[in-house]
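These are the residues of each chain, in order.
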Amino acid sequence: AEEPLINCLMLMTWPQRCDMIHEALVSFICQDYPRRILTIVNDGMPCQLTSHFLSQWTGQVLQVRQGASVGEKRCIGAAAVSADYIASFDDDDFSLPIRLRANLEAIGSSVWLSASRKLIALHSLEKIVGFEFGRCYGAGMISAEVLNLFRWPHVNCREDHELYEEVLRSEAFRGRIVEGDALVYVHRRHANNVSSMQRSQQKMWEGVLPLQLAEPVAASAPQLVQQLLKQNPEALIEDKKLL
């Protein structure tokens, strides 16, 4: 039987955070799970995937109105592909190569996998300093079954949490929500992401545990991420060319 298709969803406002976007795209192309497609939803300046990207991987850029909410962009991106699962690839984070395969194994017959642990980078992926406990929606996966009944609310903050709570209360999916603790996702704390808006510089380390307490695959993540970035310097996205 054919493996499930995963729609990897990235939201952006091009060209904001373009260096981070490149790194997030590298994490997509380095996934070891083959049946995946990248769907970018952009409410910034028009952009396109490069010929280098399209020669080896499958993806598209959906241009939406400027100022579209995060929830609205998620709904548009999820509806654009007839996939079995949706996985977030946040434009400022990094997924380790085993992330999608690990997600699939963990979700099993459930409809929602949320991660209970994630690696933490401070400002730059060169500074992966540890890991933390706490639900991370961006590191998980959602079955398309969920979106047959529910949609993300059209808001800019906590849209994943609101949808999660709605699914959690649903009789249709009772007992089919799971949490996975695999450390396969690097969350970047920086000045402009939502989770860091309330943090002072001193609190950027808040809740972070040392990598030495994690399993070996996580402890080696800083070296692996730098290796992958050095091996993939080619541009993957660019300004849209005028005809």
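Okay, so let's go over this structure. Given the structure is predicted, the values throughout are model-derived calculations rather than measurements. (Residues numbered from 1 in each chain as written. Predicted model: local features only at pLDDT ≥ 70, side-chain atom pairs only at ≥ 80, totals over all residues. Heavy atoms only, no water.)

Section: the overall build of the chain
So, point 1. Scanning the chain from N- to C-terminus turns up 8 helices and 12 strands.
So, point 2. Over its C-alpha atoms the chain spans a radius of gyration of 17 Å, differing by no more than 12% from the 18 Å that the globule rule assigns to 243 residues.
So, point 3. Across its three principal directions, the C-alpha atoms of the chain cover 55 × 45 × 40 Å.
So, point 4. Partitioning the contacts of the chain with sequence separation of at least 6, the portion at a separation of at least 24 is 72%.
So, point 5. Here the chain has roughly 11600 Å² of accessible surface; of this, 52% comes from carbon and sulfur atoms.
So, point 6. Within the chain, the 29 negative side-chain charges are centred at a point lying 2 Å from the centre of the 24 positive side-chain charges. (Helix = DSSP H or I, 4+ residues; strand = E, 2+ residues; numbered from the N terminus. Rg over C-alpha atoms; globule rule 2.2 N^0.38 Å. Contact = heavy atoms within 4.5 Å. Areas by Shrake-Rupley, 256 points an atom, 1.4 Å probe, with all protein chains shown as cover. Lys, Arg positive; Asp, Glu negative; His and termini not counted. Charge placed at Lys NZ, Arg CZ, Asp CG, Glu CD.)

Here we look at helix H1 (residues 18–29)
So, point 1. With 12 residues, H1 extends 17 Å between its outermost C-alpha atoms, agreeing within 8% with the 16 Å of an ideal straight helix rising 1.5 Å per residue.
So, point 2. Those residues of H1 that fall on the buried side of the exposure criterion are Met20, Ile21, Glu23, Ala24, Leu25, Val26, Ser27, Phe28 and Ile29. (Expected span 1.5 Å × (residues − 1). Buried < 20%, exposed > 50% of the residue type's maximum accessible area, 1.4 Å probe, protein only.)

Some remarks on the nonpolar core
So, point 1. Among the nonpolar cores identified, the biggest contains 45 residues, and Ile6, Met10, Leu38, Phe94 and Leu119 are the most heavily contacted of them.
So, point 2. Take this core: its biggest share by element is 6 residues, from H1.
So, point 3. With sequence-adjacent residues up to four places away left out, Leu119 is seen in contact with Leu96, Ile128, Gly130, Phe131, Leu183, Tyr185, Val186, His187, Leu211, Ala218 and Ala221.
So, point 4. By size, the runner-up hydrophobic cluster in this structure holds 22 residues, among which are Val64, Trp112, Phe150 and Tyr164. (Core = buried A, V, L, I, M, F, W, Y, C linked by side-chain atoms within 4.5 Å.)

Here we look at the packing of aromatic side chains
Two numbers describe a pair of aromatic rings. These are the distance of the centres and the angle of the planes.
So, point 1. Applying the stated criterion to the full structure yields 8 aromatic pairs.
So, point 2. Taken together, a centroid distance of 5.7 Å and an interplanar angle of 50° make the contact between Phe53 and Trp57 tilted. Like Phe53, the residue Trp57 is buried in the burial classification.
So, point 3. Plain terms: the ring middles of Tyr137 and Tyr164 are 5.4 Å apart, the flat faces sit at 55° to each other, and that makes the pair tilted. In this pair, Tyr137 sits in strand S8 (residues 128–143) while Tyr164 sits in helix H6 (residues 159–169), placing the two residues 27 residues apart along the sequence.
So, point 4. Residue Tyr137 is classed as buried on the basis of its relative accessible area of 18%. (Phe/Tyr/Trp six-rings, centres within 6.5 Å; stacked < 30°, edge-to-face > 60°.)

Some words on unusual backbone geometry
So, point 1. Across the junction of Trp14 and Pro15, the peptide omega takes the value 5°, indicating a cis bond.
So, point 2. Inspection of the secondary structure puts Pro15 in the loop between strand S1 (6–12) and H1.
So, point 3. The backbone phi angle of Arg17 is positive, close to 60°, even though this residue is not glycine.
So, point 4. In this fold, Arg17 is placed in the loop between S1 and H1.

Section: helix H8 (residues 221–231)
So, point 1. Listing the buried residues of H8 in full gives Ala221, Pro222, Val225, Gln226, Leu228 and Leu229. Projected down its long axis, H8 carries its buried residues within an arc of 160°, all on one side. For H8, the exposed residues set more than 90 degrees away from the buried face come down to Gln223 and Lys230.
So, point 2. The inward-facing, buried residues of H8 abut H1, strand S6 (94–95), strand S7 (112–122), S8 and helix H7 (216–219). (Arc of directions from axis to C-beta.)

Details of the pairing of S1
So, point 1. For S1, the tally of buried residues reaches 7 of 7 residues, placing the bulk of the element in the interior.
So, point 2. Taking every second residue as pointing to the same face, both faces of S1 are buried, with Ile6, Cys8, Met10 and Met12 on one and Asn7, Leu9 and Leu11 on the other.
So, point 3. Pairing analysis gives 7 bridges linking S1 to strand S2 (residues 36–42), with the strands arranged parallel. Within S2, the position partnered with Met12 by the bridge is Asn42.
So, point 4. For the crossover that starts at S1, traverses H1 and ends in the parallel S2, the hand is right-handed.
So, point 5. By the bridge criterion, 4 bridges tie S1 to strand S5 (residues 85–88) in an arrangement that is parallel. Note on S5: the bridge partner recorded for Ile6 is Tyr85. (Pairing = 2+ DSSP bridges. Right-handed = clockwise from strand over helix to strand, strands pointing away.)

Section: the pattern of salt bridges
So, point 1. All told, the structure shown has 17 salt bridges when counted by the stated rule.
So, point 2. Glu132 is paired through a salt bridge with Arg189; the nearest N and O atoms lie 2.6 Å apart. Here the residue Glu132 occupies a position in strand S8, and Arg189 occupies one in strand S10 (residues 185–189), the gap between them amounting to 57 residues.
So, point 3. Of the residues examined, Glu132 reaches a relative accessible area of 11% and is grouped as buried.
So, point 4. Between Lys241 and Glu238 there is a salt bridge, and its shortest N-O distance comes to 2.8 Å.
So, point 5. Ionic contacts of the salt-bridge type, sharing partners, join the residues Glu3, Asp32 and Arg101 into one network. (Salt bridge = Lys/Arg side-chain N within 4 Å of Asp/Glu carboxyl O.)

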